[in-house]
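Below are the chains, spelled out letter by letter.
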Amino acid sequence: MRAEIRDRDALLAVSPAALSAWARAAGWTKTESYGEHSDVYAAQERPEVILPRTQRLGDYANVVARLIEIFAADAERDELSLYRDLVIADRDTIRVKVAESNDGSMSLNDRVQIVQGSRDLLLAAACSLREPQMVYRAGANKEANELLSRVRLGQTEQGSFVVTLLTAPISVPMQLRLFSDYEIDDESDERRMTRHLVEVLDAARSATEGTVAGNGSAFSDAIEKGVSANLCEALVNLIEPFPKLDVTVSWAWTHPRNVPQHMVCFANSDVAILRNAAQTLRSREPQPDAKLFGFVHQLKREDVGIGGLIHLKTQIDGKNCSVATVLKQTDYLAAIDAHKKQMPIILQGDLERTSRRWRLLNPRLVGVIDQNVDESEKTSL
């Protein structure tokens, strides 16, 4: 059964930029201008077409209907599916696809989880746009949430279960639309977000494979590329109920890249690795206002008159360890005195674990105490 689109308002939703982008991608090239508002496009062994540059034509809807008919026949597609692609031609599209069950059904909870997981995946990538971190407090990241508020949920697609996410329209300068061979990598927020999503997913895929190959620092090394505990948790929630997960990013037709789309695939066997990575990264999250009790056992500074580096012997989670920190001048002098007298000190700051080492950021010396200090003063994590 052949579906034809005749609704005028629906046809007006297809922009001239979408039509010309589709024609160029399918192999047509501009040969000459046609009147004041149109261009002639030609392709070998294909019909010559006239594409409008503006919607301010009296018969624009009829022109679009005829072009959809020609394009659909050339691509051997139904007109309705091609129309849907044209309507979103100015948006990057993210498709999150999971393998369906044997009977082609899915529980309601799993369906909700796919939508939620897709949102969390995109939010994690958006959070790492500015500054890569191990863990994000996603709700507090206003910039990332603003980006996500402009993302739309697209129509359900046939074949397995697919969540389609559409970015806000990606703008192309009007003068560039007059050229048939333009290619520009726009730095709009939407394009940067989708491009970064691809990079982050590739990094997570490589880190997963690296871990299987015995590289214990694969995920730590991937932090600078945007991989975070949030991203790993989102992937776990998406993958766990299903045999596999495919995430495909298709670039806006009106704003193409060298490759029309990019796919990253994960399998259910990746869940354990990703979950462990998320737990490890969260365990290394800086702990604000941590208070440490212990003895100074190393001191180092470059010049007299400035602060210096110390190492504090303390306990974290009931285990003996050494924490490095850089103290300002007055606190450093007090630490030197405490070290000479073998007196414990209390430091407060943001505790962070990097690789296998601990360090205290933004430290301040709470006090130097004597050996008879009350046990309640000895604070350890």
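Residues numbered from 1 in each chain as written. Predicted model: local features only at pLDDT ≥ 70, side-chain atom pairs only at ≥ 80, totals over all residues. Heavy atoms only, no water.

### Here we look at the confidence of the model for the chain
As a reminder of what qualifies: As a per-residue quantity, pLDDT reports the predictor's confidence and falls between 0 and 100. Here, residues are in contact when the closest pair of their heavy atoms is within 4.5 Å.
Within the chain, residue pLDDT values average 86, and 88% of them lie at 70 or more. Low confidence marks residues 174-185, where pLDDT is under 50. Its contacts with residues over four positions away, or in another chain, come to 23 contacts.

### Things to note about the sheet that holds strand β8 (residues 261-267)
Quick note on the threshold: Following DSSP output, two strands are said to pair if at least two bridges run between them. The helix and strand labels rest on DSSP assignments: H or I over at least four residues marks a helix, E over at least two residues marks a strand, and numbering proceeds from the N terminus. Here the axes come from fitting lines to C-alpha atoms, over the contacting stretch only for helices, and the angles between their N-to-C directions go from 0 to 180 degrees.
The strand order across the open sheet formed by five strands is β5-β6-β4-β7-β8, and the pairing between neighbours is antiparallel. Looking at which strands have only one partner, the edges of the open sheet turn out to be β5 (152-153) and β8. Pairing of strand β4 (residues 93-98) with strand β7 (residues 244-250), which is carried by six bridges, proceeds in the antiparallel orientation. Directly across from R95, in β7, lies its bridge partner T248. Strands β4, β6 (161-166) and β7 of the sheet are contacted by helix α5 (residues 108-127), whose axis makes an angle of about 35° with β6.

### Some remarks on the nonpolar core
Inclusion rule: Residues grouped as a nonpolar core are buried Ala, Val, Leu, Ile, Met, Phe, Trp, Tyr and Cys residues, joined through side-chain atoms within 4.5 Å. Type-normalised accessible area, obtained with a 1.4 Å probe on protein chains alone, sets the label of each residue: buried when under 20%, exposed when over 50%, and partly exposed for intermediate values.
By size, the foremost hydrophobic cluster in this structure holds 53 residues, and its most contacted members are L121, L235, L245 and F266. With 26 residues, the next largest nonpolar core counts I5, L67, I68 and Y83 among its residues.

### A few points about the sheet that holds strand β1 (residues 29-34)
Spatial ordering of the open sheet is given by β1-β2-β3, a layout of three strands whose pairing is antiparallel. Two strands close off the open sheet at either side, each with one partner strand: β1 and β3 (49-52). Going across the sheet, the axis of each strand differs from the next one's by a mean of 35°, ignoring polarity. Examined bridge by bridge, β1 and strand β2 (residues 38-42) share five bridges and lie antiparallel to one another. For K30, the partnering residue across the bridge sits in β2 and is Y41. Seen against the sheet, helix α2 (residues 16-26) touches β2 and β3 and runs at an angle of roughly 145° to β3.

### What about helix α6 (residues 142-149)?
The periodicity of an α-helix, 3.6 residues per turn, causes residues three or four places apart in sequence to face the same way. In plain terms, the rule: The arc in question is formed by the directions pointing from the helix axis toward the C-beta atoms.
If you check which residues of α6 are buried, you get A144, L147 and L148. Down the axis of α6, the smallest arc covering the buried residues is 95°, so these residues share one side. Elements in contact with the buried residues of α6: α5 and α7 (189-212).

### Things to note about the pattern of salt bridges
Two side chains that carry opposite charge are able to pair once their charged atoms sit near each other. So the rule is basically this: We define a salt bridge as a contact between a side-chain nitrogen of Lys or Arg and a carboxyl oxygen of Asp or Glu at a distance within 4 Å.
Within this structure, the stated rule accounts for 18 salt bridges. Between R150 and E190 there is a salt bridge; the shortest N-O distance is 2.6 Å. Of this pair, R150 sits in the loop between α6 and β5 while E190 sits in helix α7, placing them 40 residues apart in sequence. A residue is classified by how much of its surface remains accessible, and R150, at 29% relative accessible area, is partly exposed.

### Some details on the pairing of β3
As judged from the four bridges shared by β2 and β3, these two strands associate in the antiparallel manner. Note on β3: the bridge partner recorded for Y41 is V49. Taken together, β2 and the strand that follows it, β3, pair antiparallel across an intervening segment of six residues, in which E45 is found at a positive phi of about 60°.

### A look at the environment of L351
For L351, the location among the structural elements is in strand β12 (residues 345-354). On the accessibility criterion, L351 (0% relative accessible area) is buried. Separated by 64 residues in the primary sequence, L351 and Q287 have C-alpha atoms spaced 4.9 Å apart.

### Some thoughts on the packing of helix α9 (residues 229-239) against helix α10 (residues 271-283)
We count it as follows: Each angle receives one of four descriptions, namely roughly parallel if under 35 degrees, roughly antiparallel if over 145, roughly perpendicular if within 65 to 115, and oblique otherwise. Put simply, a crossing is left-handed when the front helix is turned counterclockwise from the back one by less than a right angle, and right-handed when it is turned clockwise. Note on residue classes: Ala, Val, Leu, Ile, Met, Phe, Trp, Tyr, Cys and Pro are nonpolar, Asp, Glu, Lys and Arg are charged, and everything else, Gly too, is polar.
Two elements in contact, α9 and α10, have axes whose closest approach is 8 Å; the angle formed by their N-to-C orientations is 150°. By the angle class used here, α9 and α10 are roughly antiparallel. For the pair α9 and α10, the crossing hand works out as left-handed. Taking contact as the criterion, the partners of A229, N230, C232, E233, L235, V236 and I239 in α9 are, on α10, V271, L274, R275, A277, A278, L281 and R282. Taken together, the residues that form the contact of α9 with α10 break down as ten nonpolar, one polar and three charged.

### Topic: the packing of α2 against helix α3 (residues 60-75)
Two numbers describe how α2 lies on α3: the axes approach to 12 Å, and their chain directions differ by 25°. The orientation of α2 with respect to α3, classified from their angle, is roughly parallel. Between α2 and α3 lies a crossing whose hand is left-handed. Together, P16, L19, W22 and A23 of α2 and Y60, V64, L67, F71 and A75 of α3 make up the contact between the two elements. Looking at the contact of α2 with α3, its residues break down into nine nonpolar, no polar and no charged.

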